[in-house]
Amino acid sequence: MKRKHPVLLLLPLLLLSMVASAQHVLTGWVLDENDDPLANASVVIKGSTRSATTDVDGKFVLEIDDPTEMLLITYVGYYPLEVQARTDRERRFSLTINEAQAKLDEVTVVGFGTQKKVSVTGAISTVATRELAKTSTPSLSNALGGRLPGIMTRQSSAEPGSDQAQIFIRGMGTWGNRSPMVLIDGVERSLDNVNVHEIETFSVLKDASATAVYGVRGANGVIVITTKKGVMGRPKVAFRSESAVLQPIRLPDYINGAEYASLMNEGLEHVGQRPRWTDEQLEKFRDGSDPYLYPDVNWTSEIMRKSTYQTINNLNVTGGGEIVRYYANAGYTDQNGIWKNDPANAYKTNVRMRRYNLRSNVDVNVSKDLVFELGIAGIIQQGDFPATGSDALLDAVRVTPPIAYSARNPDGSPGGTPTLIGNNPWGLATQAGYSVHMHSNVQGTFSAKWDLSSVVTSGLSVSGRFSYDHHYSGGINRHKSFEVKYYTGKNEQTGEDQYTVLREEQPMNYWLWNSSNRAIYSDFIVNYEKVLGDHNLSGMVLYNQRDYINITAGSSIDGLPFRRQGIAARATYGFRNTYFAEFNMGYNGSENFPKGQRFGFFPSISGGWVVSNESFMQDVDFLGSLKIRGSYGQVGNDQIGGRRFLYLTSMNARTAQGYLFGDQQTSWAGIDEMQIGTDDVTWEVSTKSNVGFDMNLLNMITLQVDAFHERREGILIQRRTIPNIAGFNPSSIPYGNLGVATNRGIEGMIEVKKNTDNGIFYSFMGNFTFARSRIEENDEPVQRWAYQSAKGQPIDQPFGLVALGFFESVEDVANSPKQMFQDVVRVGDVKYRDVNEDGVVDNFDAVAIGYPRTPEIMYGFGGTIAFKGVDLSVFFNGSGRTSLYLNGPSIMPFLKGQGSYNILREFYDNRWTPENTENALYPAATDDINPNNYRFSTIYQRDASYVRLRNAEVGYTFPTQVSRRIGIEQLRLFVNGMNLATWDQVKVIDPESNDGVGSYPIQRSINFGIQVNFN
């Protein structure tokens, strides 16, 4: 027998080894540029049927037959990656985003849906949530001013829980309700109840094309917010905590006791009377030697803190797989106020707002074509307040002079005088009790989306939504009347302090209050999309309805449901991604109007031309994109004001004038008309037109410009041309949709973004909005003087006298037109213009002065620079063409006679005196109310334009390799500030304040925070 050769025995082993080296299993991970996993990426071996799809961790497993085989990895919005398989058992693949394709696929939120951004022909603005988060504020409305074109805001108070800013979209088109509609996840809800860290997208719909589908709710513009949803992938946890020191800015600055007493003397001497205080008494006010009989109280420092604090915290988690995806966030906000507490009390009297935000969004793929979505949110807020509200406390400071009495008597009780019983600001702030307010909002939304492409026809889908919202507010008021003693000095024999008790302390009362409402909303939508070669078609038809009930209504009428229902539709057409046309309509109505007039039809048309996609533009390298668009249409506003069911006549059978009949003169109740019904009352109709363009230059500069015009008709007003001799009770005069106003303007936005080759990122943004309204018809009687007509003027245009300065001499008074407001006009009094030149100055000389309180111009600008983990950003905002009127206690001294009311240093330092005639801003002080000086005039009107360093932020993000060592995916520390500096001409109060002398002061914040992400 022959022996086998050893080489032949080894041959099978060698062949097996070669096969093993040629075939292997590859485990790979597909990641993006930030090393985050890409789920559902496709991995294919070219030339074969072998393929795989990545899971939530970006992982795939694939058999490799030959190391030279080519892998093709693709993911929507990214460049495809083609790479050799090689012999690696484990490998990571990084994809690069395709910015051009991403821009083409980018979608924008529109009314009741989304559209590809390239096809949008309406006027829509968006802002990134990360930009809003840089403003550390509990109220989202305070983060919007100047952030995006078309939005105009004004924050007049910073009281915790009541610090929301007024919001207008493109100015004012009516003198009725001007607030925009706010939709959160498709449901009408409060803007300031949403946590900024829960927001995925924030869009503002402005023209008729964008808002026509909302019909009678679209005229004032629409803000559309979508909250975050779960993203397929392993769980990601993010925690953000920030704490701030808050400082009130422009606290009221009042004069001291000696200055006040000397001003009283000055006022008396100005009118020829003897001074009230001697030099010795003035010195006692000055040196504080007798603080109880000659007090010098700084009421601002007695009741207000110079700083307080705030903290905002959020913890969220997101993740899921192909079947279930989830997002949940828990937020806690705690903001304290500026009022001081009395340590002797068992309760706190400072303002404090604590808010708890909870939100959960879950998406479930019941099948590959059917998705259920469930969103649940809870907002719970507790507010603690002094029993005396903030406005009343500020009023008490304004009307209480520094020399009226001491804040506390020698025995610690609140001071007082017989003429100012119970008005002690310190007593009102700390001794009058407290109140607790509780607010809770529960919001639930269920929706379903069913893609019928495989069942009926490609591109067809249906969706529906149902929501239930419940709001409850309630609280307790524990108010008491505190003891008030009038200190009369020491007993000459015993040396004991003597008092006159003006009011004894009363037990603390207990008062409950509550209110509640609920809203049910539902809609059903059919969508269809089809691509036929170069033609893109889409359509949408919707039915919706809303039912709102005031559960704790005070009357049967108010307890009736508020209901709306309607249909909406949209049809779009696109050709070669270059030419676009769109039609939108809403047909809806409200139960608030008479039968036959409850529904209205609101259509709009729009078109767009993407010039940059034309063949003749392909060689223009610097132009990334250019789209020209225009729209025209109508929308409505059913929030017209007045009582409910204005078409019904109401009668008064309870308190009407009675009559006496018979020998015994028996009284019988009468009946009179309370309100005469208006049979044809209806909604406002706004006809809007818009033209604009969107441009991208050099792949780094984005420019957007729009010009707009609106004509609002049917504005509800109470008839003003019915003469008194007609016999109507003024309150019963009927209303009518007679008002007409126009509004026009221009807005623009520019944004620059650039990543340099050496790793520096920088950006700049700026936007500008100008909107001016005009009253065309207001049913006013014909004015004696045409210049006093509000027609042709902006909405809310102030009217007043034009001040020429102050009378300089007796001869000046004698040689000037007679001013009819008081018998004797003196040197130092305000001198007014005789506009109609009739030889006298009276109310017929009032003309349009200044601008409306709501600004006609709003703008913002800022930028960011980042390098190797360090980032710095600043943002300024401002307004223009707006006026503020200073009036009331403290700026107009002695309104109720000598010694009445506190006095601001602004007046004291700038009043007219014989020594200060050239630089005086205010008239001379007198002994009493001065009807000539205290009139609405340019003397007290200020230009309220401003530029504000709204916020600045410095942050540092630790390198990933450092943070991952401690189990953290990303770690960022930051410091930011809000309201850091303001440049304006008002100075004495914040330029965003209401007319008057200010309210709860705006806060400056210095905020420290940390952001931690876990994967």
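In this text the structure is predicted, and so the values were computed from the model without any measurement.

A. Inspection of the pairing of strand β6 (residues 81–84) at higher detail. As paired strands, strand β5 (residues 70–74) and β6 are joined by four bridges and run antiparallel to one another. From the neighbouring strand, isoleucine 73 faces β6, where its bridge partner is leucine 81. Hairpin remark: β5 followed by β6, antiparallel, with six residues in the connecting loop; positive phi at glycine 77, about 90°.

B. Structural detail: the UniProt feature "domain: TonB-dependent receptor plug" (unreviewed entry) in the chain. UniProt records the feature "domain: TonB-dependent receptor plug" (unreviewed entry) at residues 117–222, using the numbering of this structure. The span residues 117–222 shows a helical share of 8% and a strand share of 24%, and its end C-alpha atoms are spaced 18 Å apart.

C. Expanded view of the environment of glycine 321. Secondary-structure assignment places glycine 321 in the loop between β18 (308–320) and β19 (324–336). When the C-alpha positions of glycine 321 and alanine 39 are compared, they lie 8.8 Å apart, and in sequence the two are 282 residues distant. Beyond its immediate stretch of four places on either side in the chain, glycine 321 contacts Val56 and Met232.

D. Examining the nonpolar core more closely. Core analysis: the biggest nonpolar cluster contains 72 residues, and Leu263, Trp277, Trp339, Leu886, Ile891 and Tyr940 have the highest contact counts within it. Ignoring anything within four residues of it in the chain, the contact list for leucine 263 reads Ile255, Phe894, Ile903, Phe907, Tyr908, Arg911 and Ala925.

E. Quick peek at the pattern of salt bridges. Enumeration according to the criterion identifies 56 salt bridges in this entry. Residue arginine 250 is joined to aspartate 984 by a salt bridge in which the shortest nitrogen-to-oxygen separation is 2.5 Å. Of this pair, arginine 250 sits in the loop between β17 (233–248) and α5 (257–270) while aspartate 984 sits in strand β51 (residues 970–984); the two residues are 734 residues apart in sequence, bridging distant segments of the chain. Two residues, arginine 465 and aspartate 523, come together in a salt bridge whose shortest N-O distance is 2.7 Å. Here the residue arginine 465 occupies a position in strand β23 (residues 460–479), and aspartate 523 occupies one in strand β26 (residues 511–532), the gap between them amounting to 58 residues. A residue is classified by how much of its surface remains accessible, and arginine 465, at 22% relative accessible area, is partly exposed. Residue aspartate 523 is classed as buried on the basis of its relative accessible area of 6%. Through salt bridges that share partners, Arg130, Glu131, Lys134 and Arg147 make up one connected network.

F. Local environment of the sheet that holds strand β1 (residues 24–31). The strand order across the open sheet built from three strands is β4-β1-β7, with neighbouring strands paired in mixed fashion. Single-partner strands in this sheet number two, and they are β4 (59–64) and β7 (90–94). The mean inter-strand angle of the sheet, taken between neighbouring strand axes irrespective of direction, is 30°. Note: β1 against β7, five bridges, orientation parallel. Counterpart to valine 30 in the pairing with β7 is phenylalanine 93.

Calculation notes
- Residues numbered from 1 in each chain as written.
- Predicted model: local features only at pLDDT ≥ 70, side-chain atom pairs only at ≥ 80, totals over all residues.
- Heavy atoms only, no water.
- Pairing = 2+ DSSP bridges.
- Helix = DSSP H or I, 4+ residues; strand = E, 2+ residues; numbered from the N terminus.
- UniProt positions renumbered as here; feature names shortened; annotations may be inferred.
- Contact = heavy atoms within 4.5 Å.
- Core = buried A, V, L, I, M, F, W, Y, C linked by side-chain atoms within 4.5 Å.
- Buried < 20%, exposed > 50% of the residue type's maximum accessible area, 1.4 Å probe, protein only.
- Salt bridge = Lys/Arg side-chain N within 4 Å of Asp/Glu carboxyl O.
- Axes fitted to C-alpha atoms, helices over the stretch in contact; angles between N-to-C directions.

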